[in-house]
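Listed below are the residues making up each chain.
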Amino acid sequence: RTNRRMFIIRLGALLTVLVYAGVFLKPGFWGIALVMAGFNFFWNAILPQFEVITLQHLRNDAQRYSRIRLWGSIGFIVSVMGLGWYFENHPLEQLPVLVTALMGLIVLAALLVSQPEMVRRSGGSFFQFLQQLRNGTVFMFFLLCFLMQVSHGPYYTFFSIFLQDEGYSKTLIGGLWAVGVVAEIGVFLVMHQIISHFNARTLAIGCLLAGALRWWLTGYFPDNTAVIVLAQLGHAATFGIFHALAIHLIHRFFTNEASGQGQAFYSAFCYGAGNAAGAYFSGRIVDAWGGPVAYYSA
C-alpha cells in the first residue's frame, strides 16, 4: 500500500536486531522460542522485499540477478569458514554477540540501498496476486518449491550434528558447508546462460534428481569425506539453480503490482513452511531411526 519498500526493509532489519538481542536475557526455553519467532517474523518480512527491490533496480536486465545474489553466498562462506575456525578455540557462547554484530551491519547496509524509481501503485495488488496464484502452473510451481525445501530439512537442521557424530572437526564441517556454497556461487555466475539454454521444466527435474542423489550419498556414506564433498557439490543444483530459477519464474508469473506478494509467498510458503515441516519431520525421524534414515526420506 505504501510502496516504501526500503523503509520497510530498514525498519524490519532494525527490529530483527532488537528482538534477537533478547537472547542476552537468557530467558529459558520458551523465552528463546519467543525470541526466535519474533526474529524470524521480521527477518522473513524483509527478505522478499529485498528480492523485489533488486529486480526493480535491474528492470529489464533481470538475468543479472544471480550475479548479485552470489555475494550473499560469499558472505556465507566467510561466516562458516571463519566461525568454524574461531570456535575451535573460543566458547560457543560468544555466537550471539557475533550474530548481533553481523545483523547490525545488515541494518547499515540497508541504509545504503536506494529506493528504486517509483512504480505505478495499485490498490488491487493483493487481488491480482490471488488471481495469478490460481493459475494451475503457478500453484504447482509453489508446491514443487515447498517440497524441495522439505527435503532439505535434515540438511539444514542436522548436517553439522550428523557430521560431528561421525568425528568431523568444527573446522572441517565449516569447510564442507563452504564447498556447497562455492558450487552455488559457480552456478550463479553462469545462471543467465543456463536459463537461456534450458527450459524451466528440464532444469527443475534435473535439480530434483540431483537432490535425490545428494541426500542418498549423504545418508549412506557419512564417514567418507570424498563422497560428502561430492554430495555438497550438489548444492549447486538443489539451491543455486533451483533458487535462481524460482526467482526468475516468480518475476515472470506475477505482474509488477503483485510481485511483492509473489516473492513474499515464495519466502513464507516454500522457505518458511517448507523448512519448518522439513525440520520437524526430520527431527522425528532422527529420534526414531537415526540420521541416515532422515536423509533417505529426504
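These numbers were taken from a predicted model, which means no experiment stands behind them.

(A) Local environment of the overall build of the chain. A tally of regular secondary structure across the chain gives 13 helices and 0 strands. Ordering the α and β elements of the chain from the N terminus gives α-α-α-α-α-α-α-α-α-α-α-α-α. In terms of C-alpha radius of gyration, the chain reaches 20 Å, essentially the compact-globule figure of 19 Å for 298 residues. Dimensions of the chain along its principal axes, counting C-alpha atoms only, are 55 × 45 × 35 Å. Considering the chain as a whole, with its 298 residues, one finds that 42% of them fall into the buried category. A separation threshold of at least 6 residues defines the contact pool for the chain, and within that pool the share at least 24 residues apart is 79%. Summed over its atoms, the accessible surface of the chain is roughly 15,900 Å², and 68% of this surface lies on carbon and sulfur atoms. Seen as two clouds, the 17 positive and the 11 negative side-chain charges of the chain have centres 16 Å apart.

(B) Looking closely at the confidence of the model for the chain. The pLDDT averaged across the chain works out to 89; a share of 97% of its residues lies at or above 70. Of all helices and strands in the chain, the one with the weakest mean pLDDT is helix H5 (residues 125-133) (81), whereas helix H10 (residues 225-233) scores best (97).

(C) How the structure looks around the side chain of His 235. Tracing the backbone through its elements, the reader meets His 235 in helix H11 (residues 235-253). Of note is the side chain of His 235, whose polar atom sits 3.1 Å from the side chain of Arg 214. With sequence-adjacent residues up to four places away left out, His 235 is seen in contact with Tyr 155, Tyr 156, Gly 180, Val 181, Glu 184, Arg 214 and Gly 240.

(D) Region of the structure containing the nonpolar core. Ranked by internal contacts, the top residues of the largest apolar core, which has 51 residues, are Phe 142, Phe 159, Met 191 and Tyr 266. Residues contacting Phe 159, with those up to four places away along its chain left out, are Pro 154, Leu 176, Trp 177, Thr 218, Ile 228, Gln 232 and Tyr 295.

(E) A look at the packing of aromatic side chains. Using the criterion set out here, one finds 27 aromatic pairs in the structure. Taking 5.1 Å as the distance between ring centres and 55 degrees as the angle between the ring planes, the aromatic pair formed by Phe 141 and Phe 142 counts as tilted. Using a relative accessible area of 9% as the deciding quantity, one classes Phe 141 as buried. Classification of Phe 142 as buried rests on a relative accessible area of 1%. When the ring of Phe 188 is compared with that of Phe 239, the centres are 6.4 Å apart and the planes differ by 80 degrees; the resulting orientation is edge-to-face. With Phe 188 in helix H8 (residues 170-197) and Phe 239 in helix H11, this residue pair connects regions lying 51 residues apart in the sequence. What links up through ring pairs into an aromatic cluster is the set Phe 76, Tyr 155, Tyr 156, Phe 159, Phe 162, Trp 177, Trp 215 and Tyr 295.

(F) Summary view of the side chain of Ser 282. Within the element layout of this structure, Ser 282 appears in helix H12 (residues 259-289). For Ser 282, the side chain forms a polar contact with the main-chain oxygen of Gly 278, separated by 2.7 Å. Discounting residues that sit within four places of it in the chain, Ser 282 has contacts with Gly 153, Pro 154, Thr 157, Phe 158 and Ala 294.

(G) Looking closely at the state of the cysteines. Under the defined criterion, the tally for this structure stands at 0 disulfides. Of all cysteine sulfurs, the one in Cys 270 lies closest to Cys 145, which takes part in no disulfide; the gap is 4.5 Å.

Thresholds, definitions, all that
- Residues numbered from 1 in each chain as written.
- Predicted model: local features only at pLDDT ≥ 70, side-chain atom pairs only at ≥ 80, totals over all residues.
- Heavy atoms only, no water.
- Helix = DSSP H or I, 4+ residues; strand = E, 2+ residues; numbered from the N terminus.
- Rg over C-alpha atoms; globule rule 2.2 N^0.38 Å.
- Buried < 20%, exposed > 50% of the residue type's maximum accessible area, 1.4 Å probe, protein only.
- Contact = heavy atoms within 4.5 Å.
- Areas by Shrake-Rupley, 256 points an atom, 1.4 Å probe, with all protein chains shown as cover.
- Lys, Arg positive; Asp, Glu negative; His and termini not counted.
- Charge placed at Lys NZ, Arg CZ, Asp CG, Glu CD.
- pLDDT = per-residue confidence, 0-100.
- Polar contact = N/O pair within 3.5 Å; in protein donor to acceptor, adjacent residues only side chain to side chain.
- Core = buried A, V, L, I, M, F, W, Y, C linked by side-chain atoms within 4.5 Å.
- Phe/Tyr/Trp six-rings, centres within 6.5 Å; stacked < 30°, edge-to-face > 60°.
- Disulfide = S-S within 2.5 Å.

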